[in-house]
Amino acid sequence: MRQIEHFLASGIASSGTRTHQVWNPSTGEVQAEVTLGDAALLERAVEAAKKVQPEWAATNPQKRARVMFKFKELIEANMQQLAELLSSEHGKVVDDAKGDVQRGLEVIEYACGIPQVLKGEYTHGAGPGIDVYSVRQPLGIGAGITPFNFPAMIPMWMFGMACAAGNAFILKPSERDPSVPVRLAELFLEAGAPEGLLQVVHGDKEMVDAILDHQDIAAVSFVGSSDIAHYVYKRGVENGKRVQAMGGAKNHGIVMPDADLDQVVNDLAGAAFGSAGERCMALPVVVPVGEDTAERLKEKLIPAINALRVGVSSDPEAHYGPVVTPEHKARVEQWITTAEEEGGEIVIDGRGFTLQGHEKGFFIGPTLIDRVTPQMKSYQEEIFGPVLQIVRANDFEDAVRLPSEHQYGNGVAIFTRNGHAAREFTARVNVGMVGVNVPIPVPVSYHSFGGWKRSGFGDIDQYGTEGLKFWTKLKKVTQRWPDGGGDGSNAFVIPTMG
């Protein structure tokens, strides 16, 4: 059986006797084992990072950018291999896996411009003979704890910005699909990054706690469920770290009476069921405004959902593949049952779905549930599967209130032809990322990503200018070069700028 080891600096032996199974979700078979590390392994990784980071930070930014450019070229050259490897462990179809890699690559492209974005500010003559300037400097060693659902994109969101800014980085990916993060680290080394700059350690809660407690790790970025995000944020901050912790989501799609329903249905098919719904930016709740809108939308949704093709991850005709593990399959199906018990109308039932020839695979059929209300537990919590719930709104005010009052505030979309309604909605809704006729409003790489409420803990978002702020600290310098031997001023008094 294939063994997946840690990716560490040369001279550091891999260690650990505990392992975790890595499934092939399409076949339901175990295809590999990953070795889980401990605090002792992390300590050796940190020591290697401490040796390499100062020299890397002292390397001028244009040389660091050249490494990022070469890394970008290597990812593009290995796109197919990365996508197939990702699909085999995650279950998402290959085209979707390529999108996973591509969205991470876009952040690497942004990081290629690090000489420009690192430029500080300068004020000449802020006072008599006094200049003031600021520079951004790396924190030292950063760490990332990433989820299973985007094993390429989210690691690159983190280490791309962190390393370009001059930090060393230790990545702990999900033990469910760890091969792609290791391959990315190999390519980063091939691109010219020094050994020890980017290391990958595998593990479970034991490794997470070791990262959060280690005094030499200055900052931690996390993406996962909200309960764990809160735990990571609290423990990390208590240990004096800078922490950004992105949590769960329950994104809503508001459908106004004037919306183009054919386009809405097409968008919902991809946003709700793509990647088997295992996305924090999926659209699992649709909110038609008015009963007439709800009935017209439902009538169009049913044939569209029934036409979705569920297949193995390598099937080029499949719209989506299996979920990641048997435990996750059971969890999602239980949420469907819970919704039914709560009074939801199961319009299309994906429970018990099997794929001929792959009966052991972790497949769930597309599911549509109507008559869902805000009081239902299945509405309040994240299902993270191929399940679309319909929550009917009486009017526009109701549609604004639903996502605004939900515990999660990651993303929301409104579908309408009315500019005033869209403008009013985007201004008032209490959610971090908003799409107008865009079902999955993930900002481009030169903006930033992050939700509100229990979808995000910490004050700084991922990637873009926010990512640069997170992985650097601002140093402010006030300087004076007096003429001659001194001007007789009192050196014990803070100078004024007047």
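The protein chain carries the name methylmalonate-semialdehyde dehydrogenase (CoA acylating) in an unreviewed UniProt entry, which gives Altererythrobacter lutimaris as its organism.

Caption draft 1: Structural view of the pairing of strand β11 (residues 252–255). Burial of the side chains of β11 extends over both faces: H252 and I254 are buried on one face and G253 and V255 on the other. Pairing geometry for β11 and strand β12 (residues 285–288), over four bridges, is parallel. Bridging from a neighbouring strand, H252 pairs with V285 of β12. In the classification by handedness, the crossover that spans β11, the intervening helix α10 (residues 261–273) and the parallel β12 is right-handed.

Caption draft 2: View of the layout of surface pockets. For the largest pocket, the calculated volume is near 870 Å³. Lining the largest pocket are 34 residues, and of these R176, F222, G224, S225 and I228 sit closest to its centre. With four residues, helix α9 (residues 226–238) is the single largest residue contributor to the lining of the largest pocket. There are two domains that each give the lining of the largest pocket at least three residues, and those are domain 1 (2–247 + 455–477) and domain 2 (252–436). There is about 290 Å³ of room inside the second largest pocket. Lining the second largest pocket are 18 residues; nearest its centre among them are N266, A269, G270, A271 and G274. The element contributing the most residues to the lining of the second largest pocket is α10, with seven residues.

Caption draft 3: Main features of the pattern of salt bridges. Scanning the model with the defined rule gives 38 salt bridges in all. Note that K50 is salt-bridged to D216, the shortest N-O span being 3.2 Å. Note that K50 is positioned in helix α1 (residues 39–58) and D216 in the loop between α8 (205–213) and β9 (219–223), a separation of 166 residues in sequence. Look at K50 and you get partly exposed, because its relative accessible area is 36%. Measuring nitrogen to oxygen at the nearest pair gives 2.7 Å for the salt bridge that ties D349 to R351.

What counts and what doesn't
- Numbering of residues starts from 1 in each chain and follows the order in which that chain's sequence is written.
- In view of the model being predicted, local features appear only for residues whose pLDDT reaches at least 70, and side-chain atom pairs are presented and counted only at 80 or more, with totals across whole chains, interfaces and linings using the full set of residues.
- To get the side-chain values, take all heavy atoms of the structure and skip hydrogens and water.
- For the exposure calls, accessible area comes from a 1.4 Å probe over protein chains only, and a residue counts as buried if that area is under 20% of its type's maximum, exposed if over 50%, partly exposed in between.
- Per the convention used, a helix needs a DSSP run of H or I reaching at least four residues, while a strand needs a run of E reaching at least two, with both numbered from the N terminus.
- Strand pairing requires that DSSP identify at least two bridges connecting the strands.
- Throughout, right-handed denotes a crossover for which the path from the first strand over the helix to the second runs clockwise when the strands point away from the viewer.
- Cavity: a set of points on a 1 Å grid over the protein atoms alone where a 1.4 Å probe fits but cannot get out. Pocket: an open set with protein on both sides within 12 Å along at least five of seven lines, its lining residues, like those of a cavity, having an atom within 4 Å of a point.
- Grid points are joined across faces, edges and corners, and a volume is the space filled by probe spheres set on the points.
- Boundary definitions for the domains trace back to an automatic or database domain assignment.
- The term salt bridge refers to a side-chain nitrogen of Lys or Arg lying within 4 Å of a carboxyl oxygen of Asp or Glu.

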